[in-house]
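This is what each chain is made of:
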Amino acid sequence: MAQFGYGGEILKTDLTQGDIIKLPTDDDSERFLGGRGIAAKLYWDMVPSKARAFDAENCLIFATGPVTGFPRFASCRCQVCGKSPAMEPECFSYANVGGRWGIYLKYAGYDGLAIQGKSDRPVYLYIDNDTVEMRDASHLWGKTAFDTCDSLRTELGKRVGVMAIGPAAENLVAFATMLTDEGGSVSSGLGSVMGSKRLKAIVTVGDKRPVAAEPERLRHLADHVSKVIKIPSGSFPWVIPGRTTAKACYGCGIGCVRHTYKAEDGRYYKSHCQPQDAYRRPAEKYYGGWNEVVLYAERLFDGYGLETCVMQAMIDWLDSCHEEGILGDEQTGLPLAKIGSAEFIEALTRMVTFREGFGDLLARGTLKAAEAIGGRPKELAQYPIYTRASEARDYDPRMLLHHALILATEPRRSISALHEAPHMLWGWLDWKRTSHSDIRSHPGYRGWGGIDQASRTEVGYLTTDLFREIAQSRWGSAAAADYTTYEGKALASKKIQDRTHAKESIILCDPQWPIMYSDATDDFKGDPTLESQIVSAVTGRELDETGLSRIGERIFNLIRAIQVRHGWEGRKGDRLLDHLHDEPLESVFFDPDCLVPDGDGNITSRKGAVVERDEFEKMKSEYYELRGWDVVSGLLTKAGLNSLELSDIAGDLLKKGLLR
Ligand code: SF4
């Protein structure tokens, strides 16, 4: 009998040998919960430190959490992990995807799926309860991810979940995605890891529903959650009146501002947040306003399997190189004067996906391409990018100092950790907007949030005092509510990361969790205990907020151990791209004026700010102390691992000289 909340087994398969093994989940579920936690533990146990992203030894791991499959909590998520080729040097990374696929994996009885080896021909994996088969996929190879999903649903029936890769992943583009449902995509280059294994798709279906330990308590919690969580109102750029419709992911039960639309081919595609931003600004510039090509570009990227966040920055970089006259059509084979047009985006998608000419260079990632070209193109690459995985700059640490250490210590733009500080800021600005005149009278004020101000309906209630109280309880100090100083940011980063790693292991969806504040709670402070209560009601193992955060901390430290074992250089490796230290901030996508609260609760601008190097190094030292790491080297310590019940991983680190 499976534990409450769990499918009960982890499926391991080796595509070289064709072996399929099933292991009990309960060995690791108490210490690592599920999702990112269980995936990281499997990776630690299975992948040798010298394995490269496209080696057979690399393991592609899919893991659901204990709450996956229970509706009404936005918990229809699945975590995907493995060594990613998207960063230099390559390192362990993670992604999160919604939709039915992960739920169906659990319905088949599995909490995780770990895939090693390489097939000698294209295959897809078929998982239907106890039936696990490798099937021929030659007829699917070369198809887009959407066409692959449709073909398999035609063959196998609409009741299946399909996760598929497109041609970019087959061609090992460093930032290739995999895709499910109406465009739920797995980022961080993990699609190309799947391509390297010649695994075109994974089909899941099953009829084993997980059981909660306390169903009545869970129902009460769901009722409470539906009152406390609110879907933001306003006019968002990806909401196109008459064209898109609000549609939650399968099994979410809460919803957010995610939208879908029907294209000319009769199929439904997503229109959501950053992916829709990937080509919006160039298209608006080219056509002089919104154009359908914005949606076309998004589905081209999803279908061929190119990560939108990387493509957005790449297009911005090509545009600035073209504007300065240092890259031209002849050199690149791209119609650069037509950036923003359908013709350009088709050409770019084709060249990168199939690695044609200049596209082969771009397929390695923008930073690597710029590095190879050198000179001014290399300098220009830094502006649209802010991670070593060539991802587009959004929640800039020069404005949000809470993010400096998060970006420096994680392998990619960890979006679910990067939303807390801006969400609090937006709530406070709402209060300023509706209760005070000073935001409107601020000399630089032109609106914020990328949202049409006239359409906003929220009446702000997150006062400065409330902001400080929440910062004290969630981030460890009231000083963290002052966005102009480094004080309290090391502790805030640690707390955000620990909470995020727990959230990605439960798994709960980022736009709705954590609930940092809510006017549906008496004290307006949201409810920080909800996540742990939900886990407790599902699993029957009582956990409180502190216990849950401790699990997140354990998982974060396990991932640190994986990274240093694979060559992450400790303190030296925890770094930001140089321009974040050297180039004054000009603007951010959600606020051209970079407005934040200062220590007195006044509005001030972060325009012109940098992350000062000496302050950053001081923050790092403080952060290492808080984490119980060695301050000089940034390595884990034996005492720290023992206190987190991770002594079983100490031996290997010690042998390699990577433990203090
Ligand atoms: S909150 Fe939004 S993105 Fe998350 S699962 Fe629900 S609909 Fe999908």
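Residues numbered from 1 in each chain as written. Predicted model: local features only at pLDDT ≥ 70, side-chain atom pairs only at ≥ 80, totals over all residues. Heavy atoms only, no water.

Visitor: In this structure, what is going on with the packing of aromatic side chains? I would like to understand it.
Guide: What describes a pair of aromatic rings is the distance from one ring centre to the other and the angle between the planes of the rings. Summed over the entire model, instances satisfying the criterion amount to 23 aromatic pairs. Here the aromatic cluster, defined as three or more aromatic residues joined through ring pairs, consists of Tyr 395, Trp 426, Phe 589 and Phe 590. One Lys or Arg, Lys 200, reaches over the ring of Trp 141 and ends 5.9 Å from the middle of that ring. Here Arg 299 stacks its cationic end above the ring of Tyr 269, 5.5 Å away from the centre of that ring. (Phe/Tyr/Trp six-rings, centres within 6.5 Å; stacked < 30°, edge-to-face > 60°. Lys NZ or Arg CZ within 6 Å of the ring centre and 35° of its normal.)

Visitor: Could you clarify how one ought to interpret the sheet that holds strand 6 (residues 110-116) in this entry?
Guide: Strands belonging to one sheet form pairs held by backbone hydrogen bonds; the direction of such a pair is parallel or antiparallel. In space, the 6 strands of this open sheet follow the order 2-1-6-3-4-5, with mixed pairing throughout. The strands lining the two open edges of the sheet, one partner per strand, are strand 2 (19-24) and strand 5 (91-97). For this sheet the average axis-to-axis angle between neighbouring strands, irrespective of direction, equals 15°. With 4 bridges joining them, strand 3 (residues 60-63) and strand 6 adopt antiparallel strand pairing. Within strand 6, the residue paired with Phe 62 across the bridge is Leu 113. Helix-sheet contacts for helix 3 (residues 100-107) involve strand 3, strand 4 (78-84) and strand 6, and the interaxial angle to strand 6 is about 105°. (Pairing = 2+ DSSP bridges. Helix = DSSP H or I, 4+ residues; strand = E, 2+ residues; numbered from the N terminus. Axes fitted to C-alpha atoms, helices over the stretch in contact; angles between N-to-C directions. Contact = heavy atoms within 4.5 Å.)

Visitor: Mind showing me how you'd approach the domain arrangement of the chain here?
Guide: Accessible area lost upon the coming together of the parts is a frequently used measure of interface size. Its domain assignment divides the chain into domain 1 (9-205), domain 2 (223-381) and domain 3 (403-655). Centre-to-centre, using C-alpha coordinates, domain 1 lies 24 Å away from domain 2. Taken residue by residue, the interface counts 39 residues in domain 1 and 35 residues in domain 2. Of the roughly 2,700 Å² buried where domain 1 meets domain 2, counting both sides, 56% is carbon and sulfur surface. On the domain 1 side of the interface with domain 2, the three residues burying the most area are Arg 72, Phe 175 and Glu 182, jointly 29% of the side's total. Where domain 1 meets domain 2, there are 3 salt bridges. The salt bridge partner of Lys 368 is Glu 88, with a shortest N-O separation of 3.6 Å. (Domains from an automatic or database assignment. Buried area = accessible area lost by both parts, 1.4 Å probe. Salt bridge = Lys/Arg side-chain N within 4 Å of Asp/Glu carboxyl O.)

Visitor: For this particular structure, what's the right way to read the sheet that holds strand 13 (residues 245-246)?
Guide: Spatially, the 3 strands line up as an open sheet ordered 13-14-15, and their pairing is antiparallel. At either end of the open sheet lies a strand with only one pairing partner, and these are strand 13 and strand 15 (268-271). Relative to strand 15, strand 14 (residues 259-262) is paired through 4 bridges, and the arrangement is antiparallel. The partner of Thr 260 across the bridge, within strand 15, is Lys 270. Strand contacts of helix 10 (residues 293-304): strand 14 and strand 15, with the helix running at about 110° to strand 15, the strand carrying the most contacts.

Visitor: Would you mind going over the pattern of salt bridges with me for this structure?
Guide: Side-chain pairs of opposite charge can arise whenever the charged atoms involved come near each other. Applying the stated criterion across every chain yields a total of 59 salt bridges. With its nearest N and O atoms 2.6 Å apart, the salt bridge here joins Lys 525 to Glu 469. Taken as a pair, Lys 525 in the loop between helix 21 (489-506) and helix 22 (530-539) and Glu 469 in helix 20 (residues 464-475) lie far apart in primary sequence, 56 residues in all. By relative accessible area, Lys 525 is classed as partly exposed at 27%. (Buried < 20%, exposed > 50% of the residue type's maximum accessible area, 1.4 Å probe, protein only.)

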